[in-house]
Amino acid sequence: IATGNSGIQYRSFQAPTRAGSSNKWVVGGYQAEVQDLAGKVGGLYDERRRGWIAPFSQFVLLDNVDGKLKKNTISTVCDKAATVKAGYYKEKDFNEYTITCRGNHHTHEINGYPAAELIDRDMVKRTLDGLLALQIHAGAPMIVDFKDIKLKVLPENYGEAVLLFNGKDTAGWKVSSDALKDTFSAVDGAMACKGKPAGYIRTEAQYDNFVLRLQMRHHVKCNAGVLVRVHGEDKVWPNSIECQGQKDSMGDISNIGQFPMKAAAERTRGRHTKKLHPTNENPVGQWNNYEVYLNKGDLVIKVNGLVQNIATDCKELPGWIALQSEGGALDYRNIVLIPILGKK
């Protein structure tokens, strides 16, 4: 965008035009902000409904309680000032805008940078499908170009997104032993982990097929990980699949307790399967985006948007999800699970 304000409407609806207006098409609904202003472009606006629902950098949970909108800012998806300084938005140049919707869960990215995230539980005003539109904004003349517009229809049916960590306390989680009762705590919207003693904190509920999204930040170069389909006795370490979170090894897979699964033989040594690509992690002290797709027997791990590992024929069973403490201080935040209900 060279000047002015625009937007990308999605899951939108045709709205009535104002009396005397020459516009034949007016739409309302979710709008990915396109404005010539770093720190604003990338946010999520709800045209003709609820206004700004997830401004740039924010992770928001929306509810409707007794007919009134309740907006809860859980955390941030990026450091706003640092992301602007890093040049996430390129002025007067083309920017790659990625909008991903799985059920009632939304994410926006600009040039690979996380920009906004939303869980919309407002059953009254949310929409799960609708029109796509490119906006001509009212007001002063504006210049905006769009190109290379691609739509990928996801093959899965997704259920209601589950916020696994509320950013305030560890409700809904259980440590693997009493020795870890002071190891995990909620600090500034994140699940802070001291790293000692070795063990984990796990969900009280069990899950089978899902997309799990979270952010992870190392304070020192240390080991960590996300365990999925955890079952059996709580111990170090339980029968599960470890999606490796060790610094510089994020995306590796470790098979714990001979968990049945198949991984690429050429990258596997013993119970360890090395990631597909060189590390694409951010430096110590910066957040990384981590995504685990586990559907029936298929496992896909993404680190900062890049597929770093896959496995097949994983044993199918409900299990806990666990976050490891393994030697050094780190944080986890924005922990969201979107259940997969099957194929469309």
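Below is a short write-up of the structure. (Residues numbered from 1 in each chain as written. Predicted model: local features only at pLDDT ≥ 70, side-chain atom pairs only at ≥ 80, totals over all residues. Heavy atoms only, no water.)

1. A look at the overall build of the protein
A count of helical and extended segments in the protein gives one helix and 27 strands. Relative to the compact-globule value of 20 Å for 344 residues, the protein shows a C-alpha radius of gyration of 21 Å, a close match. Dimensions of the protein along its principal axes, counting C-alpha atoms only, are 70 × 45 × 35 Å. Residues counted as buried form 50% of the 344 residues belonging to the protein. The long-range share in the protein, meaning contacts at least 24 apart out of those at least 6 apart in sequence, stands at 65%. For the protein, the computed accessible surface area is about 16,400 Å², with 51% contributed by carbon and sulfur atoms. The positive charge centre, built from 45 side chains, and the negative charge centre, built from 38, are 1 Å apart in the protein. (Helix = DSSP H or I, 4+ residues; strand = E, 2+ residues; numbered from the N terminus. Rg over C-alpha atoms; globule rule 2.2 N^0.38 Å. Buried < 20%, exposed > 50% of the residue type's maximum accessible area, 1.4 Å probe, protein only. Contact = heavy atoms within 4.5 Å. Areas by Shrake-Rupley, 256 points an atom, 1.4 Å probe, with all protein chains shown as cover. Lys, Arg positive; Asp, Glu negative; His and termini not counted. Charge placed at Lys NZ, Arg CZ, Asp CG, Glu CD.)

2. Points about the nonpolar core
The biggest cluster of nonpolar side chains holds 37 residues, and the ones touching the most others in it are Leu212, Val226, Tyr290, Leu299 and Tyr332. Of all the secondary structure elements, the ones that give two or more residues to this core are strand E15 (190–193), strand E17 (210–218), strand E18 (225–231), strand E19 (239–244), strand E23 (288–295), strand E24 (298–303), strand E26 (320–325) and strand E27 (330–343). If sequence neighbours within four positions are ignored, Leu212 has contacts with Leu164, Val226, Tyr290, Glu291, Val292, Ile321, Ile335, Val336 and Leu337. By size, the runner-up hydrophobic cluster in this structure holds 36 residues, among which are Val34, Met142, Leu154 and Val211. (Core = buried A, V, L, I, M, F, W, Y, C linked by side-chain atoms within 4.5 Å.)

3. A few points about the pattern of salt bridges
Applying the stated rule across the entire model yields 16 salt bridges. Between Arg49 and Asp46 there is a salt bridge whose closest N-O contact spans 2.9 Å. Exposure class is identical for Arg49 and Asp46. Each is buried. Between Lys247 and Glu281 there is a salt bridge, with the nearest N and O atoms lying 3.4 Å from each other. (Salt bridge = Lys/Arg side-chain N within 4 Å of Asp/Glu carboxyl O.)

4. Some remarks on the packing of aromatic side chains
Inspection of the entire model under this criterion finds five aromatic pairs. Taken together, a centroid distance of 5.6 Å and an interplanar angle of 20° make the contact between Tyr10 and Tyr30 stacked. In this pair, Tyr10 is assigned in strand E1 (residues 5–14) and Tyr30 in strand E2 (residues 27–35), connecting sequence segments 20 residues apart. The two residues Tyr10 and Tyr30 agree in class, both being buried. Judged by centre distance (5.2 Å) and plane angle (70°), the rings of Tyr45 and Trp52 are edge-to-face. Ring pairs connect the aromatic residues Phe56, Tyr88 and Tyr113, which therefore count as one cluster. (Phe/Tyr/Trp six-rings, centres within 6.5 Å; stacked < 30°, edge-to-face > 60°.)

5. What about the environment of Pro238?
Checked against the element boundaries, Pro238 lands in the loop between E18 and E19. Between the alpha carbons of Pro238 and Gly199 there is a distance of 9.6 Å; along the sequence they are 39 residues apart.

6. Examining the side chain of Arg11
Structurally, Arg11 can be placed in strand E1. This buried residue, Arg11, is left without a salt bridge; Asp129 holds the nearest opposite charge, at 7.1 Å. Reaching out from Arg11, the side chain makes a polar contact with the backbone oxygen of Gly103 at a distance of 2.8 Å. Only 3.3 Å separates the side chain of Arg11 from the backbone oxygen of Leu128, close enough to count as a polar contact. (Polar contact = N/O pair within 3.5 Å; in protein donor to acceptor, adjacent residues only side chain to side chain.)

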